[in-house]
Each structure stands twice: as structure tokens, then as C-alpha cells.
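# Coordinate analysis (summary)
Residue-level listing of the chains:
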Amino acid sequence: GTLKLVTENTIGDPIQWGGDGKFINSNVYTYLNNDFLNTLENYQNVIVEDYKWNVAEFVTSEEIGESEYVTAPVGLLNSYEYWNSYQNVSTVCSLSRCDGYYKSYLADYQSNSWWLLNNKKDSSYGYQYGFVSNVNDEPYAALVTGTYASVRPSIVLKPKVLISDGDGNYDNPYVINTGNN
């Protein structure tokens, strides 16, 4: 099997989505799969370079539309993955947020807003983009236009790559063993 990792914190300066609305033509895609990717040491031996990222339309926070994929080494979480990160949630979630003491292990209460992989074509606004922000100290997923947000890159490790040490946070990052170390 494979393992998907997402950064603990946002990376880089906030950027505008840009392009024609599609992930593959966006400033976000270019940053992730050029600038960010080139900071990863030995990435060709570690990550799946032809991973199929689900860029289906953002329907509601809890679901995405019919699957549509972009093949790339680096992506982002989609809205469905973000909302599935809420633990022990039953009736607490509304269409756009989960309140109360149920917290996502992906929530980052101190950082900038950050992009999700999905967008939605709107007849009035053109493309709107999925992102996570903090509203009243609660993470909030919404669709926005013309804004800047940060990224939390996500990669998928190749099946034979092992995490040999660390717990994945800033102070104790994962140590990855490719079998060639």
C-alpha cells in the first residue's frame, strides 16, 4: 500500500489560485510541483510521481462530486479528506463546518488559511476554490474567489518506503528509509 502525508503547517507565502480555475493550470499546482517539489531531497526514490489526485468538484464540505483526476507528484487534501479528519463526529457537522469539541487532527488554529484541492464552477462567480480558514477559532471550509491562501502540500510515499523514526511533527520529523540508506 501507499501512505499519504500532509505537512503539519502551511508552507511558503500565501498565493492566489490563478489560472483558468483548474488545479493543473493553477499557480498552486505550479508552486507545489516545481518550487516545493524541488526542495525535497531524493524525492524520485521516495514519493509516487504519478499519483492521481482527486480534483472532483466541491459539492459540500462533506462530499465531492464525480471523480476527476490530475496526475502529479504533489497535491493537496481535498474537501472530503479534510472533513473525514474530524474524529467522533456524528450530528455536529453542518454543510460547512464542525463545531464544538470535535476537532480535526488536521486543524491548524494558528496559521493562514490554506487551499483544498477542489473547486466549483459557479455561473455567477466563475470558479470558486475550496479552502480552510479560521472563523471564531474554528476551522471552516468554504468556497472563495480572488483570495490568497497558503498551502499544506501532500505527498504519497512509494510502497517500499518506510518511516523509520519520528512522529511527523516539526520538532520530531519523520525519518524516511528508502532501503538505499
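Note: the structure precedes this text.
The structure displayed is predicted, hence computed values, not measured ones. (Residues numbered from 1 in each chain as written. Predicted model: local features only at pLDDT ≥ 70, side-chain atom pairs only at ≥ 80, totals over all residues. Heavy atoms only, no water.)

In this section: unusual backbone geometry. A positive phi angle, near 60 degrees, is found at asparagine 42, a position not held by glycine. Structurally, asparagine 42 is set in the loop between helix H1 (27-36) and strand E3 (51-54). Assessed through its relative accessible area of 37%, asparagine 42 is described here as partly exposed. (Helix = DSSP H or I, 4+ residues; strand = E, 2+ residues; numbered from the N terminus. Buried < 20%, exposed > 50% of the residue type's maximum accessible area, 1.4 Å probe, protein only.)

Taken as a whole, this structure holds one salt bridge when the rule is applied. Note that lysine 22 is salt-bridged to glutamate 68, the shortest N-O span being 3.9 Å. Residue lysine 22 is located in the loop between strand E2 (11-16) and H1, and its partner glutamate 68 is located in the loop between strand E5 (63-64) and strand E6 (69-72); the two are separated by 46 residues in the primary sequence. According to the relative accessible area criterion, lysine 22 is partly exposed, its value standing at 34%. Classification of glutamate 68 as partly exposed rests on a relative accessible area of 39%. (Salt bridge = Lys/Arg side-chain N within 4 Å of Asp/Glu carboxyl O.)

Note that threonine 10 resides in the loop between strand E1 (3-6) and E2. Once the C-alpha coordinates of threonine 10 and tryptophan 115 are considered, the two residues, 105 residues apart in sequence, prove to be 9.6 Å apart.

Our next topic: a negative patch on the surface. There is a patch of like negative charges on the surface, built from Glu8, Asp165, Asp167 and Asp171. Within the secondary structure, glutamate 8 is located in the loop between E1 and E2. With relative accessibility at 39%, the residue glutamate 8 sits in the partly exposed group. (Patch = residues over 30% accessible without salt bridge, like charges linked within 9 Å, V, L, I, M, F, W, Y side chains within 5 Å. Areas by Shrake-Rupley, 256 points an atom, 1.4 Å probe, with all protein chains shown as cover. Lys, Arg positive; Asp, Glu negative; His and termini not counted. Charge placed at Lys NZ, Arg CZ, Asp CG, Glu CD.)

Once that is clear, we can look at the packing of aromatic side chains. Per the stated rule, a full pass over the model turns up four aromatic pairs. On the numbers, 5.4 Å between centres and 75 degrees between planes, the contact of tryptophan 17 with tryptophan 115 is edge-to-face. In this pair, tryptophan 17 is assigned in the loop between E2 and H1 and tryptophan 115 in strand E7 (residues 114-122), connecting sequence segments 98 residues apart. By relative accessible area, which is 1% here, tryptophan 115 ends up buried. Taking the centre distance of 5.3 Å and the plane angle of 85 degrees together, the rings of phenylalanine 23 and tyrosine 29 count as edge-to-face. A relative accessible area of 3% means that phenylalanine 23 is categorised as buried. Through a chain of ring-to-ring contacts, three or more aromatic side chains come together here, namely Trp17, Phe23, Tyr29 and Trp115. We note arginine 152 situated over the ring of tryptophan 114; from NZ or CZ to the ring centre the distance is 4.5 Å. (Phe/Tyr/Trp six-rings, centres within 6.5 Å; stacked < 30°, edge-to-face > 60°. Lys NZ or Arg CZ within 6 Å of the ring centre and 35° of its normal.)

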